[in-house]
Protein chains: 2
Amino acid sequence: MTSTRPVRLLLADDEHLIRGALAALLSLEDDLTVVAEAASGPEALAMARAHAPDVAVLDLQMPGADGVKVATSLRAELPGCRVLIVTSHGRPGHLKRALAAGVRGFVPKTVSAQRLAEIIRTVHEGNRYVDPELAADAIASGDSPLTAREAEVLELAADGAPVAEIAERAALSQGTVRNYLSSAVSKLGAENRHAAVRLARERGWV
Amino acid sequence: MTSTRPVRLLLADDEHLIRGALAALLSLEDDLTVVAEAASGPEALAMARAHAPDVAVLDLQMPGADGVKVATSLRAELPGCRVLIVTSHGRPGHLKRALAAGVRGFVPKTVSAQRLAEIIRTVHEGNRYVDPELAADAIASGDSPLTAREAEVLELAADGAPVAEIAERAALSQGTVRNYLSSAVSKLGAENRHAAVRLARERGWV
DNA sequence: CGGGTGACATGACAAATGTCAGAGGGGCCA
DNA sequence: TGGCCCCTCTGACATTTGTCATGTCACCCG
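Computed from a predicted structure; not experimentally measured.

**Describing the overall build of chain A**
Across its full length, chain A carries 10 helices and six strands. Along the first, second and third principal axes, the C-alpha set of chain A runs to 70 × 30 × 30 Å. Contacts in chain A between residues at least 24 apart in sequence constitute 64% of all its contacts with a sequence separation of at least 6. As displayed, chain A has an accessible area near 9400 Å², and 51% of this comes from carbon and sulfur atoms.

Put into structure tokens, the structure is as follows:
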């Protein structure tokens with residue numbers, strides 16, 4: 001395989017500094033070429049439509065729509081475009097969501113550019129790549145033990161709202177809300193609902 | 001001023017990808033040279049001692065010790081070394097803390113590498129540089145209305161711990177803790193202490 | 001069809017939390 | 001020195017929670 005045409009990349013990250021630097025570094029690899037850059041979720045989608053890249057390298061946290069949402073849309077609109085998610089804070093639940101959205105690769109930003117280039121090639125060839133450490137975390141943390149309602153109520157409780165407000169927003173009775181919160185708290189082994197929110201967040205279950 | 005020797009830089013960021021990319025980009029500027037890199041707070045300090053750089057470019061959030069703590073130590077040990085903080089999530093309080101620690105520059109990662117290079121030069125010449133948007137946020141959010149104790153107690157309450165635990169850890173009576181929490185909550189206009197924690201965090205007051 | 005499970009509810013009780021009034025002591029500054 | 005503000009505490013009270021027992025209803029599966 002001598003003169004394959006280079007892999008066309010879309011780079012999306014809201015931090016200009018990182019995105020630019022990354023573009024520069026990846027361009028040094030002569031089998032990779034950055035054809036488009038975006039600073040937000042919607043922009044990434046638009047760029048993908050316009051340039052139909054081979055691989056989309058997406059940051060997980062972007063304004064507008066996060067990497068996973070963009071990946072979902074991309075999956076439908078451009079099935080040929082592989083998606084690789086890059087993230088600073090790899091929480092187990094994100095990985096699971098990402099894989100469910102058809103993402104082919106998931107790596108933390110702690111990898112080197114060299115390594116990232118290799119992973120981009122891996123993904124482009126149709127293989128999957130998940131950072132071993134993140135994968136281990138995801139397996140260790142397991143599936144969410146929360147039912148859909150419990151998770152929903154816990155989420156509404158996330159900003160410290162009192163039960164009355166949660167009940168109203170969820171269209172549930174206060175007693176029911178307290179029941180859900182109580183069971184969520186005990187399932188997570190937390191001291192109270194606020195600690196439960198923290199735990200669930202850490203594990204990516206909300 | 002024709003043949004000044006290049007500005008010697010220390011780069012500290014726990015994300016290898018970013019750090020490497022940044023190093024590569026900044027090295028393209030012929031008046032800048034990266035003499036050391038670090039992936040954690042303590043490592044940054046050690047590197048600074050070993051290489052005595054002209055400017056230290058520090059990420060705000062690093063394992064071990066954050067950028068501001070490193071800056072504080074650096075101020076004492078290497079007064080000649082200017083510190084520039086780079087951050088993803090610019091919260092007003094951080095800026096204030098950073099300036100108090102003698103940091104000369106504070107910029108979000110949304111700037112371009114070009115711009116960053118200019119800012120590094122500015123800082124190296126002894127001037128200060130603070131991102132205008134972050135500065136505006138900091139001014140708008142104003143000073144913390146919390147007394148030292150209120151902030152301390154609020155911080156201990158941050159992870160959802162019950163009052164009893166806070167009281168023990170702060171060596172205060174439970175009643176006192178509740179009084180402080182109560183006054184903090186009302187000063188912040190929050191619904192309860194958990195919402196207060198969130199608000200205070202957002203504004204960088206804890 | 002019967003049984004299990006989850007969504008949803010009520011009511012009651014104990015525990016934690018929020019609020020208020022008051023009170024003593026220390027430091028700072030006019 | 002007197003006033004003011006903060007720190008610290010106490011005690012009492014109303015409100016909000018967490019927990020438990022219990023019940024109804026709908027749905028899915030064997």
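Alright, that's what it looks like, and here's the rest.
**Focus: the pairing of strand β1 (residues 7-12) of chain A**
All names here are of chain A. Across the six residues that make up β1, a large majority, five, are buried. Taken together, β1, helix α1 (residues 16-28) and strand β2 (residues 32-38) form a β-α-β motif whose crossover is right-handed. Pairing geometry for β1 and strand β3 (residues 55-59), over four bridges, is parallel. When the bridges of β3 are listed, Leu11 appears paired with Val57.

**Examining the packing of helix α2 (residues 41-51) of chain A against helix α3 (residues 67-77) of chain A**
Residues and elements named next belong to chain A. Contact geometry for α2 and α3: axes closest at 10 Å, N-to-C directions at 20°. In terms of axis orientation, α2 runs roughly parallel to α3. Crossing of α2 over α3 shows right-handed handedness. Facing Gly41, Ala44, Leu45, Ala48 and Arg49 of α2, the residues of α3 in contact are Val70, Ser73, Leu74 and Glu77.

**A closer look at the pattern of salt bridges**
Residues and elements named next belong to chain B. For the structure on display, the rule yields 24 salt bridges over all chains. Ionic pairing is found between Asp31 and Arg121, a salt bridge with its closest N-O pair at 2.4 Å. Highlighted residues: Asp31 in the loop between α1 (16-28) and β2 (32-38) and Arg121 in helix α5 (residues 113-124), separated in sequence by 90 residues. Of the residues examined, Asp31 reaches a relative accessible area of 28% and is grouped as partly exposed. In this structure, the salt-bridge partner of Arg115 is Glu118, at a minimum N-O distance of 2.9 Å.

**Some points on the UniProt feature "modified residue: 4-aspartylphosphate" (unreviewed entry) in chain A**
Those residues carrying the UniProt feature "modified residue: 4-aspartylphosphate" (unreviewed entry) are Asp59 of chain A in this numbering. Tracing the sequence through the fold places Asp59 of chain A in strand β3.

**Some words on the protein's contact with DNA strand C**
Every one of the 15 residues lining DNA strand C counts as a neighbour, but Arg149, Ser173 and Tyr180 of chain A together with Arg178 and Arg193 of chain B are closest to it. For DNA strand C, the fraction of atoms within 4 Å of the protein that belong to sugar or phosphate moieties is 58%. A distance of 2.8 Å separates a phosphate oxygen of DNA strand C from a polar atom in the side chain of Arg193 of chain B. Going through the elements one at a time, α9 (174-188) of chain A together with α9 (174-188) of chain B are the ones with two or more residues in the surface near DNA strand C. Counting residues per element, the surface near DNA strand C draws most heavily on α9 of chain A, at four residues. Looking at the surface near DNA strand C residue by residue, the classes come out as four nonpolar, eight polar and three charged.

**Section: the domain arrangement of chain A**
Many descriptions give the size of an interface as the accessible area lost when the pieces come together. Annotation of chain A at the domain level lists domain 1 (7-140) and domain 2 (148-202). The gap between the C-alpha centroids of domain 1 of chain A and domain 2 of chain A is 33 Å.

**Describing the interface of chain A and chain B**
Between chain A and chain B, the residue contacts involve 30 residues of the former and 28 residues of the latter. Between chain A and chain B, the buried area comes to about 2200 Å², and carbon and sulfur atoms account for 67% of it. Joining chain A to chain B, the criterion identifies zero salt bridges. Taken together, the links from chain A to chain B amount to 13 residue pairs in polar contact (both at pLDDT 80 or more). With eight residues, α1 of chain A is the largest single contributor of residues to the side of chain A that touches chain B.

What counts, and at which threshold
Residues numbered from 1 in each chain as written. Chains lettered and ligands numbered in written order. Predicted model: local features only at pLDDT ≥ 70, side-chain atom pairs only at ≥ 80, totals over all residues. Heavy atoms only, no water. Helix = DSSP H or I, 4+ residues; strand = E, 2+ residues; numbered from the N terminus. Contact = heavy atoms within 4.5 Å. Areas by Shrake-Rupley, 256 points an atom, 1.4 Å probe, with all protein chains shown as cover. Buried < 20%, exposed > 50% of the residue type's maximum accessible area, 1.4 Å probe, protein only. Right-handed = clockwise from strand over helix to strand, strands pointing away. Pairing = 2+ DSSP bridges. Axes fitted to C-alpha atoms, helices over the stretch in contact; angles between N-to-C directions. Parallel < 35°, antiparallel > 145°, perpendicular 65-115°, else oblique. Left-handed = near helix turned anticlockwise from the far one by under 90°. Salt bridge = Lys/Arg side-chain N within 4 Å of Asp/Glu carboxyl O. UniProt positions renumbered as here; feature names shortened; annotations may be inferred. Near = heavy atom within 4 Å. Polar contact = N/O pair within 3.5 Å; in protein donor to acceptor, adjacent residues only side chain to side chain. Nonpolar A, V, L, I, M, F, W, Y, C, P; charged D, E, K, R; others polar. Domains from an automatic or database assignment. Buried area = accessible area lost by both parts, 1.4 Å probe.

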